[in-house]
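Listed here are the chains, written in short residue letters.
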Amino acid sequence: SYSEKSFHFIQPPPETVKIHEEDPGLYLTLQEDGNNDYTMFAKQLYDKHFSKRLGTNKFQYQDKEYVVQKARVSYNLDKIIFATDLEPEFRHSSHGLYWIYDVETEQVLPISPYPSLSLTPISYAHFSPNFNYAYFVHDNDLYIQSIHTKNYANRLTTDGSFNILNGKPDWIYEEEVLADEKAVWWCPNDSKLIFAKFDDSEVN
């Protein structure tokens with residue numbers, strides 16, 4: 001017999017990557033509380049006594065309960081991107097609601113292309129390498145927002161459509177080339193990003 005735990009490394013910013021002996025091995029794990037309730041903890045491989053509670057897998061927003069399906073944690077353990085209501089698209093891609101959760105205040109706000117923060121499904125949401133920004137795709141346009149200074153997003157592209165995809169691969173590139181839901185690459189210090197644009201207008 002054996003037992004298993006959910007286990008996910010929390011990646012450090014690129015310029016702070018340490019040699020093996022200095023890397024604490026920060027990771028995210030879950031503690032089951034019963035009735036499909038879980039508490040999220042950050043722990044370390046090299047310090048068995050380190051444990052920080054990050055929150056639970058359920059939260060309330062505007063009198064409705066949401067269940068977390070994915071969580072991406074900042075290395076400082078202060079912000080988390082939650083994903084809820086996910087609907088699969090292809091092997092790596094999906095659509096759903098994404099949120100920014102503040103660990104200390106326990107405040108959760110939707111990631112939205114609209115200044116009103118109205119709830120709308122988006123393709124994905126990720127942190128930049130240094131966790132200064134969140135970036136996401138909505139209706140095949142790419143958006144970016146600061147994690148620390150504002151809650152609304154800046155729209156980087158305006159030509160997204162059924163055939164024009166910005167920062168998001170089409171099916172063949174998702175399946176056969178990138179093996180990923182996103183097509184965005186950052187400088188290690190968050191100063192710049194590049195993205196791929198896919199034009200499928202002449203694809204049958």
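Details of the overall build of the protein chain
A count of helices and strands for the protein chain gives 1 helix and 18 strands. The C-alpha atoms of the protein chain give 18 Å as radius of gyration, which agrees with the globular expectation for 204 residues (17 Å, within 12%). The dimensions of the protein chain, computed from C-alpha atoms along their principal axes, are 55 × 45 × 45 Å. The 204 residues of the protein chain split such that 45% are buried. Pairs at least 24 residues apart make up 41% of the contacts formed inside the protein chain by residues separated by at least 6 positions. For the protein chain, the accessible surface area stands at approximately 11900 Å², while carbon and sulfur atoms represent 49% of it. Looking at the protein chain, you have 18 positive and 31 negative side-chain charges, and the mean spots of the two groups are 4 Å apart.

A look at the sheet that holds strand 14 (residues 154–155)
Ordered in space as 11-12-13-14, the 4 strands form an open sheet in which the pairing is antiparallel. A strand with exactly one partner marks an edge of an open sheet, and here the two such strands are strand 11 (124–127) and strand 14. The pairing of strand 12 (residues 133–138) with strand 13 (residues 141–146) spans 6 bridges and is antiparallel. Pairing of valine 137 across the sheet is with leucine 142, part of strand 13.

Digging into unusual backbone geometry
One non-glycine residue, aspartate 139, lies in positive phi territory at about 50°. Assignment of secondary structure puts aspartate 139 in the loop between strand 12 and strand 13. Backbone geometry at asparagine 140 places phi at a positive 65°, although glycine is not the residue there. With respect to the element layout, asparagine 140 can be found in the loop between strand 12 and strand 13. What makes asparagine 140 buried here is its relative accessible area of 14%.

About the thresholds
- Residue positions are given per chain, counting from 1 as you read along its sequence in written order.
- Predicted model: local features are reported for residues with pLDDT of at least 70 only, side-chain atom pairs are reported and counted for 80 or more only, and whole-chain, interface and lining totals are derived from all residues.
- Only hydrogens and water are removed before side-chain values are computed, so all heavy atoms of the structure are retained for them.
- Numbering goes from the N terminus for both helices and strands, where a helix is a DSSP run of H or I of at least four residues and a strand is a run of E of at least two.
- Atoms considered for the radius of gyration are the C-alpha atoms alone. The globule rule reads 2.2 Å times the number of residues to the power 0.38.
- Throughout, exposure labels follow a simple rule: accessible area from a 1.4 Å probe, protein chains only, divided by the maximum for the residue type, with under 20% read as buried, over 50% as exposed, and the rest as partly exposed.
- Only heavy atoms enter the contact rule, under which two residues are in contact if any of them lie within 4.5 Å.
- Residue burial considers only the protein chains on display, and all accessible areas are found by Shrake-Rupley using a 1.4 Å probe.
- In this charge count, Lys and Arg are treated as positive and Asp and Glu as negative; neither His nor the chain ends contribute.
- Lys charges are placed at NZ, Arg charges at CZ, Asp charges at CG and Glu charges at CD.
- Paired strands, as defined in this entry, are two strands with at least two bridges between them according to DSSP.

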